Amino acid sequence: MLNIVIFGAPGSGKGTQSERIVAKYGVNHISTGDVLRAQIKAGTELGMTAKGYIDQGQLLPDELIIDILAQTLDGFKDSKGVIFDGFPRTIAQAEALKKMLAERGQEVSIMLDLDVPEDELMTRLIKRGQESGRADDNEETIKKRLVVYHSQTSPLIDWYKNDGKYQHINGLGTMEGIFAEIAEAIDKI
Ligand code: AP5
Ligand code: MG
């Protein structure tokens, strides 16, 4: 089982690189952000709750997101493993993931930390906002997302270092070059 946590600030390339990992390694992909945006589009109650947080650049409550993740995980049958994109984002979520996988006789294989300078993150997200119209890709909300990343999410770097799963990835450069570094790290597991 290949259980990969793909980690990084907003705009670091988690979704972009997840697609490539899925294509090469045949794992399932779960992006909590994509799940929530699909719920918003479908107009569900969860979607309405999620929209309030996402538009403010804030994280949804841990219990809610952990529940969603557990349900999605149970939906994967005969899986070769999973790439977790946008989860965990807090220490409580990392602990819940560790427990969830242990209950299934599994563990996180590697945590890939896509490291990208802040000015580049802003440039990428502003551009995507103009092209795709993603609601939280505007300067004000991006700044809030970055603050949340630094205060609530970046402590996971040390958490995964202590857990012996941490792998730094230079997230600046071509998408192919970054993927080559990722594949090299995965192939060494
Ligand atoms: P989420 O959807 O996870 O958004 P995010 O973490 O802010 O990250 P993005 O999806 O914006 O960026 P990405 O790293 O995937 O980069 P991408 O590949 O798209 O979460 C959104 C919200 O949902 C949160 O704010 C929160 O409210 C809620 N949420 C989600 N998960 C949660 C959780 N676990 N707990 C609580 N709340 C949660 O790339 C970005 C852009 O850059 C693209 O346009 C891409 O084409 C471009 N790009 C990618 N790579 C490169 C490159 N190498 N060079 C140039 N451009 C590049
Ligand atoms: Mg994404």
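This structure is a prediction, so every number in the text was calculated from the model and none was measured. (Residues numbered from 1 in each chain as written. Chains lettered and ligands numbered in written order. Predicted model: local features only at pLDDT ≥ 70, side-chain atom pairs only at ≥ 80, totals over all residues. Heavy atoms only, no water.)

**Student:** Honestly, the overall build of the chain in this entry has me stumped. Any pointers?
**Tutor:** The secondary structure content of the chain amounts to nine helices and five strands. When the helices and strands of the chain are listed from N to C terminus, the series reads β-α-β-α-α-α-β-α-β-α-α-α-β-α. Here the C-alpha radius of gyration of the chain, 16 Å, is about what a compact globule of 189 residues would show, namely 16 Å. Expressed as lengths along the three principal axes of its C-alpha atoms, the size of the chain is roughly 40 × 40 × 30 Å. Looking at the 189 residues of the chain, the share that counts as buried comes to 46%. (Helix = DSSP H or I, 4+ residues; strand = E, 2+ residues; numbered from the N terminus. Rg over C-alpha atoms; globule rule 2.2 N^0.38 Å. Buried < 20%, exposed > 50% of the residue type's maximum accessible area, 1.4 Å probe, protein only.)

**Student:** Looking at this structure, how should I read the nonpolar core?
**Tutor:** The tendency in soluble globular proteins is for nonpolar side chains to be buried as a group. In terms of nonpolar packing, the biggest core is built from 34 residues, with Val-5, Phe-84, Leu-97 and Tyr-160 touching the most fellow members. Excluding residues within four positions of it along the chain, Leu-97 makes contact with Val-5, Leu-69, Phe-84, Phe-87, Pro-88, Val-108 and Tyr-160. In terms of nonpolar packing, the next biggest core, distinct from the first, is built from 17 residues, Ile-4, Phe-179, Ile-182 and Ala-185 among them. (Core = buried A, V, L, I, M, F, W, Y, C linked by side-chain atoms within 4.5 Å. Contact = heavy atoms within 4.5 Å.)

**Student:** Hey, could you run me through the sheet that holds strand 2 (residues 28-31) in this one?
**Tutor:** Think of a sheet as strands paired side by side through backbone hydrogen bonds, with each pair either parallel or antiparallel. Spatially, 2-3-1-4-5 is the arrangement adopted by the five strands of the open sheet, whose pairing is parallel. Either end of the sheet is taken by a strand with one partner, and the two such strands are strand 2 and strand 5 (166-170). Between one strand axis and the next, the sheet turns through 20° on average, direction left out of account. Across five bridges, strand 4 (residues 110-115) lies against strand 5 in parallel orientation. (Pairing = 2+ DSSP bridges. Axes fitted to C-alpha atoms, helices over the stretch in contact; angles between N-to-C directions.)

**Student:** Would you take a moment to explain the side chain of Ser-18 for this structure?
**Tutor:** For Ser-18, the position within the fold is in helix 1 (residues 14-25). At 2.7 Å, the side chain of Ser-18 and the backbone oxygen of Lys-14 are in polar contact. Not counting the four nearest positions on each side in its chain, Ser-18 is found in contact with Ile-6, His-29, Ile-83 and Asp-85. (Polar contact = N/O pair within 3.5 Å; in protein donor to acceptor, adjacent residues only side chain to side chain.)

**Student:** Would you take a moment to explain unusual backbone geometry for this structure?
**Tutor:** Omega for the peptide link from Phe-87 to Pro-88 comes to -5°, which places this bond in the cis form. Structurally, the position occupied by Pro-88 is in the loop between strand 3 (81-85) and helix 5 (91-103). Residues other than glycine seldom take positive phi values, yet Asp-78 does so here, at roughly 45°. As for its placement among the helices and strands, Asp-78 is situated in the loop between helix 4 (62-75) and strand 3.

**Student:** Help me out: how do you make sense of the site of ligand 1 in this one?
**Tutor:** The environment of ligand 1 is formed by 31 residues, the closest being Thr-16, Thr-32, Gln-58, Arg-89 and Arg-128. Within the side chain of Thr-32, a nitrogen or oxygen atom sits 2.7 Å from a nitrogen atom of ligand 1. Contacts to ligand 1 include Gln-58, whose backbone N or O atom sits 2.6 Å from an oxygen atom. Coverage of ligand 1 by the protein amounts to 88% of the 1000 Å² it exposes when considered alone. Looking at the shell around ligand 1, the elements with two or more residues in it are helix 1, helix 2 (32-42), helix 6 (118-132) and helix 9 (175-187). Partitioned by chemical class, the residues of the shell around ligand 1 number 11 nonpolar, 11 polar and nine charged. (Near = heavy atom within 4 Å. Areas by Shrake-Rupley, 256 points an atom, 1.4 Å probe, with all protein chains shown as cover. Nonpolar A, V, L, I, M, F, W, Y, C, P; charged D, E, K, R; others polar.)

**Student:** I keep staring at helix 5 and nothing clicks. Help me out?
**Tutor:** The periodicity of an α-helix, 3.6 residues per turn, causes residues three or four places apart in sequence to face the same way. Compared with an ideal rise of 1.5 Å per residue, which puts 13 residues at 18 Å, helix 5 spans 18 Å between its outermost C-alpha atoms and is within 8% of the ideal. When we look at burial in helix 5, the residues that qualify are Gln-93, Ala-94, Ala-96, Leu-97, Met-100 and Leu-101. Mapping the buried residues of helix 5 onto a view down its axis gives an arc of 160°, with all of them on the same face. Counted as exposed and oriented over 90 degrees from the buried face of helix 5: Lys-99 and Glu-103. Against strand 1 (2-8), helix 4, strand 3 and helix 8 (156-162) lie the buried residues of helix 5. (Expected span 1.5 Å × (residues − 1). Arc of directions from axis to C-beta.)

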